[in-house]
Number of protein chains: 4
Amino acid sequence: MDKRAAIIDAAIAVFAEKGVEKATVSDIVKRAGIAQGTYYLYFPSRLAVMGGIAERVLTQLLARLHAQLDGLPAGAQLDRLAAVIFTEVGAQHQEVALLYSGMTQTDQMRRWEQIYAPLYAWLQQLLEQARADGAIAAGVQPRHAARVLVGAIEAAAEQVHLYADTSADEARAHLAELERFIGAGLGRAPAV
Amino acid sequence: MDKRAAIIDAAIAVFAEKGVEKATVSDIVKRAGIAQGTYYLYFPSRLAVMGGIAERVLTQLLARLHAQLDGLPAGAQLDRLAAVIFTEVGAQHQEVALLYSGMTQTDQMRRWEQIYAPLYAWLQQLLEQARADGAIAAGVQPRHAARVLVGAIEAAAEQVHLYADTSADEARAHLAELERFIGAGLGRAPAV
Amino acid sequence: MDKRAAIIDAAIAVFAEKGVEKATVSDIVKRAGIAQGTYYLYFPSRLAVMGGIAERVLTQLLARLHAQLDGLPAGAQLDRLAAVIFTEVGAQHQEVALLYSGMTQTDQMRRWEQIYAPLYAWLQQLLEQARADGAIAAGVQPRHAARVLVGAIEAAAEQVHLYADTSADEARAHLAELERFIGAGLGRAPAV
Amino acid sequence: MDKRAAIIDAAIAVFAEKGVEKATVSDIVKRAGIAQGTYYLYFPSRLAVMGGIAERVLTQLLARLHAQLDGLPAGAQLDRLAAVIFTEVGAQHQEVALLYSGMTQTDQMRRWEQIYAPLYAWLQQLLEQARADGAIAAGVQPRHAARVLVGAIEAAAEQVHLYADTSADEARAHLAELERFIGAGLGRAPAV
DNA sequence: GATGAATGAGGGTTCATTCAT
DNA sequence: TATGAATGAACCCTCATTCAT
């Protein structure tokens, strides 16, 4: 019924299977079970669906963060932040990989900011709360720290989940180092 | 004379101008001033030149790091690491943007590890030295910390240089937060 | 209210703007302010509207001829024939241009005869009258002369109004020569 | 060998068979025995080949006029002008029909003047010669008369050869009237 | 090594037409 | 009558790649 959602679903699958460059609109519509022309009623070009995928990924990530962290004290939320994102990027690694190749191909790079905005806003508020609680170092600048954190965590997650053949042990160690790093960087605990 | 280099130069310019997906071999050879067929004497396919671009970017980054940091104590090198990479990514932001879109498109994602390997190796060694010097916290795991650091710094640099319309003030503040973060994360100084 | 007329109006405008080949039914209905499907209630195919345009042009031309010439002696009507058609083709040059491209595209070329029939009939009768009056040469064959005259006048009008960047002076001179030609050809006056 | 000429040949045939709107580039190249892409090495768009067809038609018409008329006195050349053009348009009626539909479809209508220029120039000169010989009326304006004549003759030829199901008798009568008309119009003979 | 004309498969996109409402 | 979302066949054109010179 919801053709827009069906297109996004199909696009994720097809892009993941054949790669962004090789995937054709024909592949997508075939899998979505709609006609060729119908695609263009919802997205103006082959790659425009990337925006739709990105929104969905971020929305889902934010939902997961809320589900896992809401109710905890701000400091505790920050302690678990990396692990939750790590897990979620792992779960959605296909979609995330797409985004990195898809978004940069079009002129839509500026849409990143827009799409990430809710995540940044949420984390910034969390950092402000934690600072008010005295749970992190006073010198932390929430606005920038939010972006630095997201960048560091996602970069780590991608290294593990997308680019390298990382063993489970390596992945755990990588996450551990990242958490140690964040903990110390935020002043949750002194660096050991 | 060096046609291989001319092709890489031209490819960087063309990819940056038209985007990776829309750039054609014809565009590249025209700008390089060579014949269509000549391209295939140096690279086996349209996207194969991305590997060449990546090598050049990383080589140049590593060279810059050596030039700016060699001779300093390990701890001091780490303190300045972010600033140097930040600057370099800013200077090469066109090329860097390409890599993010280009590498993921082919099946070459695994080449990332290979291309980044020298950078990771250098930084890992630097961290080991710094730990031996007592310049950073003993808990730092050089192998993983190297990757975490590179990821965090590059992610921040990309946010500033590629994706957002960031003002100079914002950029400075972003870098400052990143440096504070790294300093505390490595235990160079306690988080303030 | 009269949707058929609205479609013809819109089609004339759209065909003139984008050319017959590039004009779409979507363009036409958008400009006519009706729904896509409504078009097909009035015309069975995209180009069928050309017939409607043609009828309108010819009807209007014939009306203009009657308005300007009725009541004059047959000879005098013939003297003014070229000027009236010239003016009318100038006024409707968009529509006329369409006909030349539109009619030939479909299998409708034979419809020309049918659409032009009333004009030919009217002129043939006028020529017969003029011959009976002794106002033109006795050798004129009304049936064929009607077609030759219409052809000559329209060709001249098209040259001036459609194909060339003709100055007003040139246009006047062209018309003058045409009138001289017709006058002499019909034996209204000996060629000077 | 000459691919450009082969394309024009094939285009004439295909356009004539299927109509301009329905003819595809694929049809043309198949008949020309070349690859799809090769077409675009010679003509920038599907309809651009029309220009090539037009040049050829006019060139051939001019050649025929020279072949049939050169050497005759100017007045005699004018007397036979209509018959020669009539015949030639009959012989090339496919190509001529194309031009009327093809040229108007693109933005190339202004090219008509350019393509017809040699014919106009030749006829204008002929009229000047005839006037100098005293073979036609002194009032004839060669520049404009050339265009009027060409227009009248071609219009008549098209009526006969393209648009109507004209019998041979009708066609002869039509030509006769046209010749009578031209003769009187130029003052070769008084109108009878 | 270098050229560039030729290839031809392939895909994004358009758009005339339909039909359930 | 009117609508406009949906259809899907069809086509123009591009462009990576080849190969004779």
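Everything numeric in this text was worked out from a predicted model, so none of it was measured.

J.: Would you take a moment to explain the packing of helix α1 (residues 3-18) of chain A against helix α4 (residues 49-69) of chain A for this structure?
T.: Angle between the axes and distance between the axes: these two values describe a pair of packed helices. Residues and elements named next belong to chain A. Packing of α1 against α4 brings their axes to within 10 Å, and their N-to-C directions diverge by 95°. Looking at the two axes, α1 sits roughly perpendicular to α4. Only V49, M50, G52, I53, E55 and R56 of α4 make contact with α1, whose side of the interface consists of R4, A5, I7, I8, D9, A11, I12 and F15. For the contact of α1 with α4, the residue count by class is 9 nonpolar, 1 polar and 4 charged.

J.: Hey, could you run me through the protein's contact with DNA strand F in this one?
T.: T38 of chain A, V25 of chain B, T38 and Y42 of chain C together with Q36 of chain D are the nearest of the 32 residues found near DNA strand F. Counting only the atoms of DNA strand F within 4 Å of the protein, the fraction contributed by sugar and phosphate is 64%. For DNA strand F, a base nitrogen lies 2.9 Å from a polar atom in the backbone of G37 of chain A. Within the side chain of T38 of chain A, a nitrogen or oxygen atom sits 2.3 Å from a phosphate oxygen of DNA strand F. Looking at the surface near DNA strand F, the elements that each hand over two or more residues are α3 (36-42) of chain A, α2 (25-32) and α3 (36-42) of chain B, α3 (36-42) of chain C together with α3 (36-42) of chain D.

J.: Please clarify how the domain arrangement of chain A should be interpreted in this entry.
T.: Size of an interface, as often reported, equals the accessible area lost when the parts are brought together. Residue and element names in this part refer to chain A. Each domain of chain A was delimited in the assignment, giving domain 1 (1-46) and domain 2 (48-186). Both sides together, the interface formed by domain 1 and domain 2 hides about 1100 Å², and carbon and sulfur atoms give 70% of it. The interface formed by domain 1 and domain 2 holds 2 salt bridges in total. On the surface where domain 1 and domain 2 come into contact, there are 2 residue pairs in polar contact (both at pLDDT 80 or more). Ranked by the residues each element gives to the side of domain 1 that touches domain 2, the list is headed by α1, at 9 residues. A class-by-class count of the residues in the side of domain 1 that touches domain 2 yields 11 nonpolar, 1 polar and 3 charged.

J.: How should I be thinking about the packing of helix α4 (residues 49-69) of chain C against helix α5 (residues 74-91) of chain C in this particular structure?
T.: Residues and elements named next belong to chain C. Between α4 and α5, whose axes approach to 10 Å, the crossing angle comes to 135°. Compared by their axis directions, α4 and α5 come out oblique. Of the two elements, α4 crosses α5, and the hand of that crossing is right-handed. Contacts between α4 and α5 involve Q60, L61, R64, L65, Q68 and L69 from the former and Q77, R80, L81, V84, I85 and E88 from the latter.

The rules behind the values
- Residues numbered from 1 in each chain as written.
- Chains lettered and ligands numbered in written order.
- Predicted model: local features only at pLDDT ≥ 70, side-chain atom pairs only at ≥ 80, totals over all residues.
- Heavy atoms only, no water.
- Axes fitted to C-alpha atoms, helices over the stretch in contact; angles between N-to-C directions.
- Helix = DSSP H or I, 4+ residues; strand = E, 2+ residues; numbered from the N terminus.
- Parallel < 35°, antiparallel > 145°, perpendicular 65-115°, else oblique.
- Contact = heavy atoms within 4.5 Å.
- Nonpolar A, V, L, I, M, F, W, Y, C, P; charged D, E, K, R; others polar.
- Near = heavy atom within 4 Å.
- Polar contact = N/O pair within 3.5 Å; in protein donor to acceptor, adjacent residues only side chain to side chain.
- Domains from an automatic or database assignment.
- Buried area = accessible area lost by both parts, 1.4 Å probe.
- Salt bridge = Lys/Arg side-chain N within 4 Å of Asp/Glu carboxyl O.
- Left-handed = near helix turned anticlockwise from the far one by under 90°.

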